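Notes for the structure review
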Amino acid sequence: MSAAPEPRLENQRYRWPVPPEGGWTADDLDRLPDLPPHTELIDGNLVFMSPQRKFHTRAMWLLEQALLTHLPSDLDVDREMTIRIDERNRPEPDMLVYRAEADTGADQIWYAPEDVVLAVEVVSPDSRDRDRDVKPRKYAAAGIAHFWRVEADADGLPIVYVYELDPARQTYTPTGIYHNELKLDVPYLIEADLTQIYHRGR
């Protein structure tokens, strides 16, 4: 997003946050006033979220149900919580599975990467490059063992691209592409009828 004010916002006297020398830090994300919801920090830059399409919302609902169905007692699931990778990076996956012992209560705002088991990104038009390239590289380098990328096919149904970390190379290896049905046994048993995205089981 450009740092210059857009003409349509000038009458609202909107002030874009001006980064300090060296860029923003992970702590700044909690201190800056009036940031839009779900602002991320990538390489010291603030990334603002655009309004989401129905596909994005429904894909998150469908996957959340799948992740919760057979969830082991030592894990938990959250939507849209940031991962504090380092001082210049606090990305916000659409969904994550984390170690339950890392839960610090209702005021928690981020997780450490070592506590995250799975990060899920549902791709939107404005996030395509970040979700396909930038964020998975950062998740892999941080040691997050599993990553899913979810995209819409021509009919608006989800395709789930599943990756597992190669710890020797700190990169993700693709382990499957799922259409219509998702069925995995790692990181635990996960099943979903992907064709039900707009039906909620009806």
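Bear in mind that the values here come from a model prediction, so they are computed numbers and not experimental data.

A few words now on helix H3 (residues 54-69). Compared with an ideal rise of 1.5 Å per residue, which puts 16 residues at 22 Å, H3 spans 23 Å between its outermost C-alpha atoms and is within 8% of the ideal. Within the span of H3, buried status applies to Phe 55, His 56, Arg 58, Ala 59, Met 60, Trp 61, Leu 62, Leu 63, Glu 64, Ala 66 and Leu 67.

Take the sheet that holds strand S5 (residues 95-99) next. Taken together, six strands build an open sheet; the order of strands is S3-S5-S7-S8-S9-S10 and the sheet is mixed. Across the chains shown, the open sheet's two edge strands, defined by having one partner strand only, are strand S3 (75-79) and strand S10 (171-179). Each strand axis lies, on average, 20 degrees off the axis of its neighbour in the sheet, ignoring direction. The sheet strands contacting H3 are S3, S5, strand S7 (116-122), strand S8 (146-152) and strand S9 (158-166), and the helix crosses S8 at an angle near 140 degrees. Sheet strands in contact with helix H4 (residues 128-141) are S7, S8, S9 and S10, and its direction is about 170 degrees off that of S8.

Let's shift gears to the environment of Pro 125. Within the element layout of this structure, Pro 125 appears in the loop between S7 and H4. For the pair Pro 125 and Arg 53, spaced 72 residues apart in sequence, the C-alpha separation works out to 9.4 Å.

Counting residues in hydrophobic clusters, the biggest one holds 29 residues, and the most contacted among them are Leu 67, Val 97, Trp 148, Val 150, Val 160 and Leu 182. Those elements that provide at least two residues to this core are H3, S3, S5, S7, S8, S9, strand S11 (181-184) and strand S12 (190-193). Considering each element in turn, this core owes the most residues, eight residues, to H3. Contacts of Val 160, omitting those with residues within four sequence positions, involve Trp 148, Arg 149, Val 150, Gly 176, Ile 177, Tyr 178, Leu 182 and Leu 194. Ile 85, Tyr 98, Ala 102 and Tyr 111 belong to the second-largest nonpolar core, a separate cluster that totals 18 residues.

A separate point is the packing of aromatic side chains. Tallied over the entire structure, the rule returns four aromatic pairs. On the numbers, 5.8 Å between centres and 35 degrees between planes, the contact of Phe 147 with Tyr 163 is tilted. Of the two residues, Phe 147 is situated in strand S8 and Tyr 163 in strand S9; the sequence distance between them amounts to 16 residues. Ring plane angle 20 degrees and centroid distance 5.6 Å describe the contact between Phe 147 and Tyr 172, whose orientation is recorded as stacked. One end of the pair, Phe 147, is in strand S8; the other, Tyr 172, is in strand S10, and 25 residues separate them in sequence. Residue Phe 147 is classed as buried on the basis of its relative accessible area, which comes to 1%. Each member of the aromatic cluster is reached from another via a ring pair, and the members are Tyr 139, Phe 147, Tyr 163 and Tyr 172. Arg 84 extends its terminal NZ or CZ atom over the ring of Trp 110, reaching a point 5.4 Å from the ring centre.

Attention now goes to the pairing of S8. Among the seven residues that make up S8, six are buried, leaving the element largely enclosed by the rest of the structure. As paired strands, S7 and S8 are joined by five bridges and run parallel to one another. Looking at the pairing, Val 120 lines up with Trp 148 of S8. Handedness of the β-α-β unit built from S7, H4 and S8 comes out right-handed. One ladder, built from seven bridges, connects S8 with S9; its direction is antiparallel. Bridge pairing in S9 places Ala 152 opposite Pro 158.

With that out of the way, let us pick up unusual backbone geometry. Omega for the bond connecting Val 186 with Pro 187 falls within 30 degrees of zero, at 0 degrees, which places this linkage in the cis form. Structurally, Pro 187 can be placed in the loop between S11 and S12. Located in the positive-phi region is Gln 170, a residue other than glycine, with phi close to 55 degrees. Along the chain, Gln 170 turns up in the loop between S9 and S10. Residue Asn 180 is not a glycine yet carries a positive backbone phi of 70 degrees. Classification of Asn 180 as partly exposed rests on a relative accessible area of 44%.

Rules behind the numbers
Residues numbered from 1 in each chain as written. Predicted model: local features only at pLDDT ≥ 70, side-chain atom pairs only at ≥ 80, totals over all residues. Heavy atoms only, no water. Helix = DSSP H or I, 4+ residues; strand = E, 2+ residues; numbered from the N terminus. Expected span 1.5 Å × (residues − 1). Buried < 20%, exposed > 50% of the residue type's maximum accessible area, 1.4 Å probe, protein only. Pairing = 2+ DSSP bridges. Axes fitted to C-alpha atoms, helices over the stretch in contact; angles between N-to-C directions. Contact = heavy atoms within 4.5 Å. Core = buried A, V, L, I, M, F, W, Y, C linked by side-chain atoms within 4.5 Å. Phe/Tyr/Trp six-rings, centres within 6.5 Å; stacked < 30°, edge-to-face > 60°. Lys NZ or Arg CZ within 6 Å of the ring centre and 35° of its normal. Right-handed = clockwise from strand over helix to strand, strands pointing away.

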